[in-house]
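Fold and contact review
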Amino acid sequence: MASEEGNSKRVLIIITKPPYTFEHPLGGLYTALALVDKGVKASILLVEDGVYCSLRGQRDGKVSFEDLLYTAHSSGVEILVLNKSLKARGLTREMLSEICKVIDDLNDVVESCDHLLCY
Amino acid sequence: MKVVIKLLLGPYTFEHSEVAVKIAEKALERGAEVILFLYMDGVHCVKKGQKPREFANIEEKIAQLACRGVKVVACMRCATARGYSLEDVVEGSSFEPLHYFAEHVKSADVVITIGK
């Protein structure tokens, strides 16, 4: 466990589903926003089909998950994307929003969090 | 010990709600403070008047948990999106914004999400 005090807790939110088809990415993102609002450090990790949430220029009508990610990022939520999942889907770093940080190793991220929530 | 369970799916189609109830029961037996937070389709679990023929009635199980001291809370945004008002849900349950969940995560020893 990374911390014992509530205010310095770190929560990792793993999103495994693509935007627009499922409510899960939205559910994870709203949870991250609520956590940072309460003083909890929150990171979103996009894996499996969740990496489609990080694509630049995406939009479904009036809703853009990219815009929502920007809102979360500006509120202090770290946006991480697993490189292995990107490569498996033929996606590259250049195709992603600039706020996303691509990571190769899960160990450091998982070990540094107090709680892990999956969506 | 404080255990927060976040359930994302409704009853019967999947087994997730039964698993959430069982975890809540066991945590309660071990003396834990338990919060069952129903999120997204999880809010369907507290709908009044459920009559499943082939499955254990989740409404009854959740009502029993509430009687035994589990805080049963449905996400206000998710419940509103699905057309629920307080008259529609099990006695002992309530609606709270997502910030309620966030506040309890701060002091929780264990946080479990069920229904990915």
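Quick caveat: nothing in here was measured; it's all calculated off a predicted structure.

Thresholds, definitions, all that
- Residues numbered from 1 in each chain as written.
- Chains lettered and ligands numbered in written order.
- Predicted model: local features only at pLDDT ≥ 70, side-chain atom pairs only at ≥ 80, totals over all residues.
- Helix = DSSP H or I, 4+ residues; strand = E, 2+ residues; numbered from the N terminus.
- Rg over C-alpha atoms; globule rule 2.2 N^0.38 Å.
- Buried ≥ 20, exposed ≤ 12 C-beta atoms within 10 Å, placed from the backbone.
- Pairing = 2+ DSSP bridges.
- Axes fitted to C-alpha atoms, helices over the stretch in contact; angles between N-to-C directions.
- Core = buried A, V, L, I, M, F, W, Y, C linked by C-beta atoms within 7 Å.
- Contact = placed C-beta atoms within 7 Å.
- Arc of directions from axis to C-beta.

1. A word on the overall build of chain B
Counting its regular elements, chain B contains 4 helices and 5 strands. When the elements of chain B are put in sequence order from the N terminus, they spell out β-α-β-α-β-α-β-α-β. For chain B, the C-alpha radius of gyration of 13 Å lies close to 13 Å, the compact-globule estimate for 116 residues. Counting all 116 residues of chain B, 46% fall into the buried class.

2. Comments concerning the overall build of chain A
When helices and strands are counted, chain A shows 4 helices and 5 strands. Listed by position from the N terminus, the elements making up chain A come as β-α-β-α-β-α-β-α-β. Taking 119 residues into account, the globule formula puts the C-alpha radius of gyration at 14 Å, and chain A, at 14 Å, falls close to it. Reported as C-alpha extents along the three principal axes, the dimensions of chain A are approximately 40 × 30 × 25 Å. In chain A, buried positions account for 40% of the 119 residues.

3. With respect to the sheet that holds strand S3 (residues 71-75) of chain B
All names here are of chain B. An order of S4-S3-S2-S1-S5 is seen for the 5 strands of this open sheet, with the pairing classed as parallel. A single partner strand is all that each edge strand has here, and the edge strands are strand S4 (93-96) and strand S5 (110-114). Across the sheet, the mean angle separating the axes of adjacent strands is 25° when strand polarity is ignored. Here strand S1 (residues 2-7) pairs with strand S2 (residues 33-38) via 6 bridges, running parallel. Considered in S2, the bridge of lysine 2 is made with glutamate 33.

4. Observations regarding the nonpolar core
Ranked by internal contacts, the top residues of the largest apolar core, which has 72 residues, are Ile13 of chain A together with Ile5, Leu36 and Leu38 of chain B. Residue contacts for isoleucine 5 of chain B: discarding those within four places in its chain leaves Ala20, Ile23, Ala24, Val34, Ile35, Leu36, Phe37, Ile112 and Ile114 of chain B.

5. Considering the sheet that holds strand S3 (residues 78-82) of chain A
Two orientations exist for strands paired in a sheet by backbone hydrogen bonds: parallel and antiparallel. All names here are of chain A. The 5 strands are arranged S4-S3-S2-S1-S5 in an open sheet whose pairing can be described as parallel. At either margin of the open sheet sits one strand with a lone partner, and together these are strand S4 (101-103) and strand S5 (115-118). Across this sheet, the average inter-strand angle for adjacent strands is 25°, counted without regard to direction. Bridge analysis of strand S1 (residues 10-15) against strand S2 (residues 41-46) gives 6 bridges, and the strand direction is parallel. Bridge pairing in S2 links valine 11 to alanine 42. In the packing of helix H1 (residues 24-37) onto the sheet, contacts are made with S1, S2 and S5, and the angle to S1 comes to roughly 170°.

6. What about helix H4 (residues 98-107) of chain B?
Considered for burial, the residues of H4 of chain B that qualify are Leu98, Phe101, Ala102, His104 and Val105 of chain B. Along H4 of chain B, the residues classed as buried sweep out an arc of 170° about the axis, all on the same side.

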